[in-house]
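Structural overview for review
For reference, the chains in residue letters:
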Amino acid sequence: MDIKIAASILNADPINLEDEIIKVQESIDWIHFDVMDNHFVPNLSFGKSLLEALSRKRIKPLDAHLMIENPDLWACDFADAGADSVTFHLEAAKDPQKIIKDIHNLNKRVGVAIKPRTTYDQVKELLPLIDVLLVMTVEPGFGGQKFMDDMLLKVEQARKDITKSDLDVWIQVDGGVGFQTIEKATQSGADFLVVGSAAFAASEPEKAMKQLRNLAIASAK
Ligand code: DX5
Ligand code: ZN
């Protein structure tokens, strides 16, 4: 499995965002950009203008995670604003297949995310159409929460089907990924790990991100 690491900047220092990213850039493949609308989740985060500004810097590809209502209306705007990959929540989408098509028409990657209470069976028919399946390992809304181990069953189920059907779909886990949990995630079949506070709240983010990357690579199947 080819491991990809994404840094979630939600809990990075917002006033020094560029420096925060540059600190960890050698150990990451993607910047994970959490968009929250205070409706789909009880928090408000970043919007398109920051995404555009980050994309102009060309530090790393941008992975937009849309925790918003009505992604049917907004998802393409984030692709246009510079996201290289756009992930929307199944629970919020009226017509997931149309969103997938629209984003692919803009030549961007597409992901579908599921919250903890959404089952793998509810999303599995979309697997042949998408590039990323995001299995949330916390209730979306905030960084720094505890990893929910029981979500790994969904990761295992997805990995089995992806292998069986020889699909090119990355399995992303997001929420509570850190020193105690990253190996469990890769051992279950996740290959795209989102790391937020485990690196940015550490005293040496650069070192923490590097160690986490090494742990993920060493434990991958
Ligand atoms: C949670 C966000 C995550 C979060 C990850 O709703 O989608 O990307 O910022 O942060 P940690 O790693 O601190 O759980
Ligand atoms: Zn996220």
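For the structure itself, consult the block above.
This report concerns the structure included in the present document.

Definitions and limits used
Residues numbered from 1 in each chain as written. Chains lettered and ligands numbered in written order. Predicted model: local features only at pLDDT ≥ 70, side-chain atom pairs only at ≥ 80, totals over all residues. Heavy atoms only, no water. Helix = DSSP H or I, 4+ residues; strand = E, 2+ residues; numbered from the N terminus. Rg over C-alpha atoms; globule rule 2.2 N^0.38 Å. Buried < 20%, exposed > 50% of the residue type's maximum accessible area, 1.4 Å probe, protein only. Contact = heavy atoms within 4.5 Å. Areas by Shrake-Rupley, 256 points an atom, 1.4 Å probe, with all protein chains shown as cover. Lys, Arg positive; Asp, Glu negative; His and termini not counted. Charge placed at Lys NZ, Arg CZ, Asp CG, Glu CD. Core = buried A, V, L, I, M, F, W, Y, C linked by side-chain atoms within 4.5 Å. Donors = N, O, S within 2.8 Å, 3.2 Å for Na, K, Ca; no water. Tetrahedral: all angles 85-135°; square planar, octahedral: opposite > 155°, others 65-115°. Axes fitted to C-alpha atoms, helices over the stretch in contact; angles between N-to-C directions. Parallel < 35°, antiparallel > 145°, perpendicular 65-115°, else oblique. Left-handed = near helix turned anticlockwise from the far one by under 90°. Nonpolar A, V, L, I, M, F, W, Y, C, P; charged D, E, K, R; others polar. Pairing = 2+ DSSP bridges. Near = heavy atom within 4 Å. Polar contact = N/O pair within 3.5 Å; in protein donor to acceptor, adjacent residues only side chain to side chain.

Thoughts on the overall build of the protein
On a plain count of helices and strands, the protein comes out with nine helices and eight strands. Since a compact globule built from 221 residues should have a radius of gyration of about 17 Å, the 16 Å found for the protein is in line with a globular shape. Per-residue burial over the protein gives 53% buried out of 221 residues. In the protein, the proportion of contacts linking residues at least 24 apart, taken out of those at least 6 apart, comes to 64%. Per element, the accessible surface of the protein, about 10100 Å² overall, is 48% carbon and sulfur. Taken as two groups, the 25 positive and 34 negative side-chain charges of the protein have centres that lie 2 Å from each other.

Topic: the nonpolar core
Core analysis: the largest hydrophobic core is formed by 69 residues, its most contacted members being Ile9, Leu133 and Leu193. Ala6, Trp30, Trp170 and Val194 belong to the second largest nonpolar core, which has six residues in total.

A short note on the coordination of the zinc ion (ligand 2)
Donor atoms from the polypeptide that coordinate the zinc ion (ligand 2) comprise His32 (NE2), Asp34 (OD), His65 (ND1) and Asp174 (OD), at 2.1 to 2.3 Å from the metal. Its six donor atoms give the zinc ion (ligand 2) angles of 71 to 174° at the centre, a pattern that matches the octahedral case. For Asp34, a relative accessible area of 3% translates into the label buried.

Regarding the packing of helix H3 (residues 71-80) against helix H4 (residues 96-105)
In contact at an axis separation of 10 Å, H3 and H4 are set at 15° when each is read in the N-to-C sense. By the angle between their axes, H3 is roughly parallel relative to H4. As for how H3 packs across H4, the hand of that crossing is right-handed. Touching Pro71, Asp72, Ala75 and Cys76 of H3 are Ile99, Asp102 and Ile103, all from H4. Per-class residue counts for the contact of H3 with H4 are five nonpolar, no polar and two charged.

Points about the side chain of Arg159
Its location among the elements puts Arg159 in helix H6 (residues 152-164). When neighbours within four sequence positions are excluded, Arg159 is seen to be in contact with Met1, Ile171, Ser188, Gly189 and Asp191.

A word on the sheet that holds strand E1 (residues 4-8)
With respect to topology, eight strands assemble into a closed barrel ordered E1-E2-E3-E4-E5-E6-E7-E8, the strand pairing being parallel. For this sheet the average axis-to-axis angle between neighbouring strands, irrespective of direction, equals 25°. Both strand E5 (residues 109-114) and strand E6 (residues 132-136) contribute to a ladder of four bridges, which runs parallel. By the bridge assignment for E6, Ala113 is matched with Leu134. Running at roughly 165° to strand E4 (residues 85-89), H3 makes contact with strand E2 (30-36), strand E3 (62-67) and E4 of the sheet.

Some words on the site of ligand 1
Neighbouring ligand 1 are 18 residues, the closest being Asp34, Gly141, Gly144, Asp174 and Ser197. Ser8 is positioned such that a nitrogen or oxygen atom in its side chain is 2.9 Å from an oxygen atom of ligand 1. Gly141 is positioned with one of its backbone polar atoms (N or O) 2.8 Å from an oxygen atom of ligand 1. Sorting the residues of the shell around ligand 1 by element identifies E2 and E3 as the ones contributing at least two each. At three residues, E2 tops the list of elements feeding residues into the shell around ligand 1.

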